[in-house]
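Summary of the model geometry
So the chains spell out like this:
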Amino acid sequence: MTNQVIVWSMLILPWLSLFFMKKEEIRRWMPVALFTMVTNTIIIDIGVGLKLWETRVNIFPLDQMISFVYGVLPIAAMWIFKFTYGRFWLYFVIEILLSTLFIRVIHPWLHRRGIFIWLNQDFLKGIWIYIMTITHYLLIYLYGMWQDGKFARPHKNRS
């Protein structure tokens, strides 16, 4: 399998999985996916600027992990919210397990293929990568709650 097939698959295949999600659920969780895309774009840009990582294989003319940021991550966020929303600890545990899978299994495979390179191995091996991802997942969950109206004040009827 070529690296281009891999990066295109990371972009397209997750979106195809939405055929298995109800339209109402897609509508409900799409704001979470969009928030995930925006925040990950910022995180990736900061990491590239700080020379923590870089992408060596991308989808022309796009750059810097675009297939992962706009494919796998937002759709995974939608599916995770579909099955865990309202049960924070389940959400948190699943996100930690998936992060560990990415950091310890998927990333080394992408690194060996020359697709995604960590320039700062100490960051990857240290607790900082987990602090960053946990903080990000907390923000995503809080955003999902806000979108769902959990922080809204009840309206008072003025008669």
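Details of the structure are given in the entry above.
Residues numbered from 1 in each chain as written. Predicted model: local features only at pLDDT ≥ 70, side-chain atom pairs only at ≥ 80, totals over all residues. Heavy atoms only, no water.

Our next topic: unusual backbone geometry. Positioned with a positive phi, Lys51 is a non-glycine residue whose angle comes to about 60 degrees. Relative to the helices and strands, Lys51 is located in the loop between helix 2 (23-49) and strand 1 (53-55). For Lys51, a relative accessible area of 59% corresponds to the exposed category. (Helix = DSSP H or I, 4+ residues; strand = E, 2+ residues; numbered from the N terminus. Buried < 20%, exposed > 50% of the residue type's maximum accessible area, 1.4 Å probe, protein only.)

Further remarks concern the packing of helix 4 (residues 88-113) against helix 6 (residues 128-147). For the pair helix 4 and helix 6, the least separation of the axes is 10 Å and the interaxial angle reads 140 degrees. As judged from the angle between their axes, helix 4 and helix 6 are oblique. Viewed along their axes, helix 4 and helix 6 form a crossing whose handedness is right-handed. For the pair formed by helix 4 and helix 6, the contact residues are Phe88, Tyr91, Phe92, Glu95, Ile96, Ser99, Thr100, Ile103 and Arg104 on the first element and Ile129, Tyr130, Thr133, Ile134, Tyr137, Leu138, Ile140 and Tyr141 on the second. Of the residues assigned to the contact of helix 4 with helix 6, the class counts are 12 nonpolar, three polar and two charged. (Axes fitted to C-alpha atoms, helices over the stretch in contact; angles between N-to-C directions. Parallel < 35°, antiparallel > 145°, perpendicular 65-115°, else oblique. Left-handed = near helix turned anticlockwise from the far one by under 90°. Contact = heavy atoms within 4.5 Å. Nonpolar A, V, L, I, M, F, W, Y, C, P; charged D, E, K, R; others polar.)

This part covers the nonpolar core. With 20 residues, the main nonpolar core has Val7, Trp53, Phe102, Leu110, Ile115 and Phe116 as its most contacted residues. Listing elements by their share of this core, those giving two or more residues are helix 1 (3-16), helix 2, helix 3 (66-84), helix 4, strand 2 (116-118) and helix 6. Counting 16 residues, the second-largest nonpolar core is a separate cluster that includes Leu18, Ala77, Ile80 and Tyr137. (Core = buried A, V, L, I, M, F, W, Y, C linked by side-chain atoms within 4.5 Å.)

Another point: helix 2. A rise of 1.5 Å per residue sets the reference length of helix 2, with its 27 residues, at 39 Å; its end C-alpha atoms lie 38 Å apart and thus fit the reference within 8%. At Trp29, helix 2 shows its largest kink, close to 40 degrees, and the proline Pro31 lies no more than four residues downstream. Buried residues of helix 2: Glu25, Trp29, Pro31, Val32, Ala33, Thr36, Met37, Thr39, Asn40, Ile43, Ile44 and Gly47, and no others. Of the surrounding secondary structure, the elements contacted by the buried residues of helix 2 are helix 1, strand 1, helix 3 and helix 6. (Expected span 1.5 Å × (residues − 1). Bend = angle between axes of the 7 residues up to and from the residue.)

So, on to the packing of helix 2 against helix 3. One can describe the packing of helix 2 onto helix 3 by two numbers: an axis separation of 8 Å at closest approach and a directional angle of 135 degrees. Taken together, helix 2 and helix 3 sit at an angle that is classed as oblique. Here helix 2 and helix 3 pass one another in a crossing that is right-handed. Within the contact between the two elements, helix 2 uses Glu25, Ile26, Trp29, Met30, Val32, Ala33, Thr36, Met37, Asn40, Thr41 and Ile44 and helix 3 uses Val69, Tyr70, Leu73, Pro74, Ala77, Met78, Phe81 and Lys82. Classifying every residue of the contact of helix 2 with helix 3 by side-chain character gives 14 nonpolar, three polar and two charged.

Below, the discussion takes up the packing of aromatic side chains. If you walk through the whole model with that rule in mind, you get 17 aromatic pairs. For the ring pair Phe35 and Tyr143, a centre distance of 4.2 Å and an interplane angle of 5 degrees mean the geometry is stacked. Taken together, the residues span a long stretch of sequence, with Phe35 in helix 2 and Tyr143 in helix 6 at a distance of 108 residues. With relative accessibility at 22%, the residue Phe35 sits in the partly exposed group. Through a chain of ring-to-ring contacts, the aromatic side chains of Trp29, Phe81, Tyr85, Phe88, Trp89, Tyr91, Phe92 and Tyr141 assemble into a single cluster. (Phe/Tyr/Trp six-rings, centres within 6.5 Å; stacked < 30°, edge-to-face > 60°.)

With that settled, the discussion passes to the environment of Leu90. By secondary structure assignment, the location of Leu90 is in helix 4. Separated by 71 residues in the primary sequence, Leu90 and Phe19 place their C-alpha atoms 25 Å from one another. In this structure Leu90 touches Phe83 and Thr84, once residues within four positions along its chain are discounted.

On the surface, Trp8, Ile12, Leu13, Leu16, Phe19 and Phe20 cluster together to form a nonpolar patch covering roughly 710 Å² of accessible area. On the secondary structure map, Ile12 appears in helix 1. For Ile12, a relative accessible area of 40% translates into the label partly exposed. (Patch = residues over 30% accessible without salt bridge, like charges linked within 9 Å, V, L, I, M, F, W, Y side chains within 5 Å. Areas by Shrake-Rupley, 256 points an atom, 1.4 Å probe, with all protein chains shown as cover. Salt bridge = Lys/Arg side-chain N within 4 Å of Asp/Glu carboxyl O.)

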